[in-house]
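If you want the building blocks of each chain, they are given just below.
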Amino acid sequence: ISIYYNGDALYLVLNDKLYQYLKGSFRELSTVATNSIIAFANDSLVGVTSTPSDSFEDKDTTLKIINHNGETKLERNLGTSETLDLWSSAAVSADGSLIAIGEQGRVSIYSSSDFSEVYTLPSIDVGTLIWADNNLIYATGNMLWRYVPEQKLAQSITELLPYMSIVGVLAHNDDIY
């Protein structure tokens, strides 16, 4: 079971079905893999990650983006990665216009209107992706980065000691991560 609440609706993966609970009733949106995890949801799209089996080791992870009519709008193989966070491997911007997807070796940013690739950020291994104030915050190994879409610019925020790794990112207010 995977559950996600975005402030307006509740999303639930139960067995191989993705459901939306809105205004007092559940409705089925799509059929998904039985081990799917909801990565994000906004007022028009749901991102679901899954692996081919219940074992996450050495398996390719896929991301499926589904609209509220149940149509798959984008499907990507995210590859395999020791640091891939199935809950945070994809994120939608606060204004809903951009979707970031952490794929093996890069971060791809797509327009949510036509799913065209807007920008690609090279990276070694992406852990967590989050949006804060319409800036993408992401971790690669021991470094924390900020991508500013308006400037198409990635900036290093901080770097930990070489033997340390960033395993999660949380945004609070404007610039506290």
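The model shown is predicted, which means the values in this text are computed figures rather than measured ones.

Caption draft 1: Inspection of the overall build of the protein at higher detail. In terms of helices and strands, the protein carries zero helices and 16 strands. Here the protein holds 177 residues, and the buried ones make up 46% of them. Taking the intrachain contacts of the protein between residues at least 6 apart in sequence as the baseline, contacts between residues at least 24 apart amount to 33%.

Caption draft 2: Here's a closer look at the pattern of salt bridges. The full count for this structure, using the stated rule, is one salt bridge. Salt-bridge contacts for E28 lead to K17; the nearest nitrogen and oxygen are separated by 3.7 Å. Note that E28 is positioned in strand β4 (residues 25–31) and K17 in strand β3 (residues 17–22), a separation of eleven residues in sequence.

Caption draft 3: Looking closely at the environment of V13. Within the secondary structure layout, V13 lies in strand β2 (residues 10–14). Residues V13 and T34, spaced 21 residues apart in sequence, show a C-alpha to C-alpha distance of 8.0 Å. For V13, the contacting residues outside a window of four places in its chain are I1, S2, L18, V32, A33, S36 and I38.

Caption draft 4: Looking closely at the sheet that holds strand β1 (residues 2–5). Taken in spatial order, the four strands make up an open sheet running β1-β2-β3-β4, and their pairing is antiparallel. Each edge of the open sheet carries a strand with a single partner, namely β1 and β4. Between one strand axis and the next, the sheet turns by 20 degrees as a mean value, whatever way the strands run. Bridge count for β1 against β2 is four bridges, and the pairing is antiparallel. Paired with S2 across the strands is V13, a residue of β2.

Caption draft 5: Local environment of the side chain of Q20. The residue Q20 is located in strand β3 in this model. Take Q20: its relative accessible area is 4%, and that puts it in the buried class. A polar side-chain atom of Q20 sits 3.1 Å from a polar atom in the side chain of Y11. Polar side-chain contacts of Q20 include one of 3.4 Å to the side chain of H68. Apart from residues no more than four positions distant in its own chain, Q20 is found in contact with A9, L10, Y11, S25, F26, R27, L29 and H68.

Caption draft 6: Representation of the pairing of strand β15 (residues 143–148). Taken across its six residues, β15 has five buried, putting it largely inside the fold. Note that strand β14 (residues 135–140) and β15 share five bridges and pair antiparallel. Within β15, the position partnered with L136 by the bridge is Y147. Between β14 and β15, which pair antiparallel one after the other, the connecting turn spans two residues, and G141 there sits at a positive phi close to 60 degrees. Bridge analysis of β15 against strand β16 (residues 153–159) gives six bridges, and the strand direction is antiparallel.

Rules used in this analysis
Residues numbered from 1 in each chain as written. Predicted model: local features only at pLDDT ≥ 70, side-chain atom pairs only at ≥ 80, totals over all residues. Heavy atoms only, no water. Helix = DSSP H or I, 4+ residues; strand = E, 2+ residues; numbered from the N terminus. Buried < 20%, exposed > 50% of the residue type's maximum accessible area, 1.4 Å probe, protein only. Contact = heavy atoms within 4.5 Å. Salt bridge = Lys/Arg side-chain N within 4 Å of Asp/Glu carboxyl O. Pairing = 2+ DSSP bridges. Axes fitted to C-alpha atoms, helices over the stretch in contact; angles between N-to-C directions. Polar contact = N/O pair within 3.5 Å; in protein donor to acceptor, adjacent residues only side chain to side chain.

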